[in-house]
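Secondary and tertiary structure notes
Here is what each chain is made of, one letter per residue.
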Amino acid sequence: MHLLIIEDNRRIAQSLERGLTESGHTTQTAETGMVALSILKEQLVELVVLDLGLPDMDGMELLPEIRKLHPSLPVIILTARGEIESRVAGLDAGADDYLVKPFAFSELVARIRALERRNTRGVAPQIRIKDLMLNPIQRTAVRGATTLDLTPREFDLLLCLSQHTGEPVSREMLAREVWNITSRAVPFDNIMDVHMSNLRKKIDAGFAVKLIHTVRGIGFVLGDIQP
Ligand code: CA
């Protein structure tokens, strides 16, 4: 998983980065709430470790902002404040878990693992095709570090292709599933081509590996393949 550590204490942040990297995660650190928000707007983060005492804002103020951007992103609060009141407040504000400093590193790793399990079991699994990630519930798509600005129709097209990753999806199936058109008599190819061409620009332009391919005489396929 890719984790964002929001922690202004460099020593703690570095030891977290080191430990989490050793346990197979990738990490990046933000020392302020503002930096954290700009990272969360632009990059794919799968879990947040949040210190409550930040130089520019309180972590408890930051948490609702994180929730506005990513309603289901797992957040673990890390704090020296051990009082039961702040624990309850943190969970009320939308944290998924809570760890009081000083904590055993193995406990943090165990809790991250538990959140990871809960997420993969949850009702909103993310769909991943290479570096492209779709969230069917939030209806968001991210490729690499770029959040894609898709129209609802483009998202539906992409979702339909993603449910058959690596297999050609026929024009008939796309017309049926995305536009609800069941009759082949409707002249529809041009409209579909316009939407598909816009979608391809957004998904593939600027990336060396193209993910949407035309399968002549059939339709389209999503995946890192050469049809
Ligand atoms: Ca701090």
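Note that this is a predicted model, so its numbers are computed, not measured. As a convention, each chain's residues are numbered from 1 in the sequence order in which they are written. Restriction of local features to residues with pLDDT of at least 70 applies here, the model being predicted, together with a cutoff of 80 or more for giving and counting side-chain atom pairs; totals for whole chains, interfaces and linings are based on all residues. Note that the side-chain values use all heavy atoms of the structure and ignore hydrogens as well as water.

**A closer look at the coordination of the calcium ion**
Using the following cut-off: Here the coordinating atoms are restricted to nitrogen, oxygen and sulfur within 2.8 Å of the metal centre, or 3.2 Å for Na, K and Ca, and because water is not among them the sites may look incomplete. A simple rule labels every residue: compare its accessible area, found with a 1.4 Å probe on the protein chains alone, to the largest value its type can have, and call it buried under 20%, exposed over 50%, or partly exposed in between.
Bound to the calcium ion on the protein side are Asp8 (OD), Asp51 (OD) and Gly53 (O), at distances that span 2.2 to 2.3 Å. Positions of the donor residues of the calcium ion along the chain correspond to the pattern D-x42-D-x1-G. Residue Asp51 is classed as buried on the basis of its relative accessible area of 5%.

**Here we look at the sheet that holds strand β12 (residues 219–222)**
Put simply, the test is: Two strands make a pair as long as DSSP finds a minimum of two bridges between them. Helical segments are the DSSP runs of H or I of at least four residues, strand segments are the runs of E of at least two, and each set is numbered from the N terminus. We call two residues contacting when some pair of their heavy atoms lies within 4.5 Å. Orientation is described by lines fitted to C-alpha atoms, with helices fitted over the stretch in contact, and by angles between N-to-C directions that extend from 0 to 180 degrees.
A sheet is described by the order of its strands in space; here three strands give the open sequence β10-β12-β11, paired in antiparallel fashion. Strands with a single pairing partner mark the edges of an open sheet, and in this sheet they are β10 (169–170) and β11 (212–215). Contacts from helix α6 (residues 152–162) reach β10, β11 and β12, with the element oriented near 75° to β12. The sheet contacts of helix α8 (residues 189–204) involve β11 and β12, and relative to β11 the element is tilted by about 145°.

**A closer look at the pattern of salt bridges**
Heads up, the rule is: By salt bridge we mean one thing: a side-chain nitrogen of Lys or Arg within 4 Å of a carboxyl oxygen of Asp or Glu.
Tallying each qualifying case throughout the model produces 15 salt bridges. Between Lys101 and Asp51 there is a salt bridge whose closest N-O contact spans 3.2 Å. Placement of the pair is Lys101 in the loop between β5 (97–100) and α5 (105–121) and Asp51 in strand β3 (residues 47–51), with a sequence separation of 50 residues. One connected set of salt bridges, linked through shared partners, spans Glu7, Asp51 and Lys101.

**Topic: α8**
The line we're drawing: Under the convention used throughout, the expected extent of a helix is 1.5 Å for every residue step, that is, one less than its residue count. Working definition: the arc comes from the directions between the helix axis and the C-beta atoms, pointing outward to the latter.
Taking 1.5 Å per residue, 16 residues should reach 22 Å; α8 reaches 21 Å between its end C-alpha atoms and fits that length. Regarding α8, the residues found buried are Met192, Met196, Leu199, Ile203 and Asp204. Down the axis of α8, the buried set is contained in an arc of 100°. They therefore lie on one face. For α8, exposure combined with an orientation more than 90 degrees from the buried face picks out Asn190 and Lys201. One or two positions beyond α8, positive phi appears at Gly206, with a value near 85°.

**Focus: the domain arrangement of the protein**
Applied cut-off: Where each domain begins and ends follows an automated or database-derived domain assignment. Two parts placed together each lose some accessible area under a 1.4 Å probe, and the buried area is that loss summed for both. N or O atoms within 3.5 Å of each other form a polar contact, as long as, within protein, one can give a hydrogen and the other can take it, and as long as residues adjacent in sequence are counted only when both atoms are side-chain atoms. Lys, Arg, Asp and Glu make up the charged group, whereas Ala, Val, Leu, Ile, Met, Phe, Trp, Tyr, Cys and Pro make up the nonpolar group; the residues left over, Gly among them, are polar.
According to the domain assignment, the protein contains domain 1 (2–120) and domain 2 (127–222). On the domain 2 side, the residues contacting the seven residues of domain 1 number nine residues. Together domain 1 and domain 2 conceal approximately 530 Å² of surface at their shared face, both sides included; 45% is due to carbon and sulfur atoms. On the domain 1 side of the interface with domain 2, the three residues burying the most area are Glu42, Leu44 and Glu46, jointly 62% of the side's total. A salt bridge links Glu46 to Arg128; the shortest N-O distance between them is 2.7 Å. In this assembly, domain 1 and domain 2 are joined by one residue pair in polar contact (both at pLDDT 80 or more). Taken together, the residues of the side of domain 1 that touches domain 2 break down into two nonpolar, two polar and three charged.

**Concerning helix α7 (residues 171–179)**
Taken residue by residue, α7 has Arg171, Leu174, Ala175, Val178 and Trp179 as its buried positions. Around the axis of α7, the buried residues are gathered within 100° of arc, so they sit on the same side. The secondary structure elements touched by the buried residues of α7 are α6, β10, α8 and β12.

**Some points on the sheet that holds strand β7 (residues 132–135)**
Across a sheet, paired strands are connected by hydrogen bonds in the backbone, their directions being either parallel or antiparallel. Spatial strand order, β6-β7-β8-β9: four strands in an open sheet with antiparallel pairing. The sheet is open, and its two borders are formed by β6 (127–129) and β9 (146–148), each paired with just one other strand. Across the sheet, the mean angle from the axis of one strand to that of its neighbour is 20°, orientation sign disregarded. Pairing analysis gives three bridges linking strand β8 (residues 140–143) to β9, with the strands arranged antiparallel.

**Focus on the pairing of β12**
Bridge count for β10 against β12 is two bridges, and the pairing is antiparallel. In the sheet register, Ser170 faces β12, and the bridge partner there is Gly219. Across four bridges, β11 lies against β12 in antiparallel orientation. Bridging across to β12, Val215 finds its partner in Gly219.

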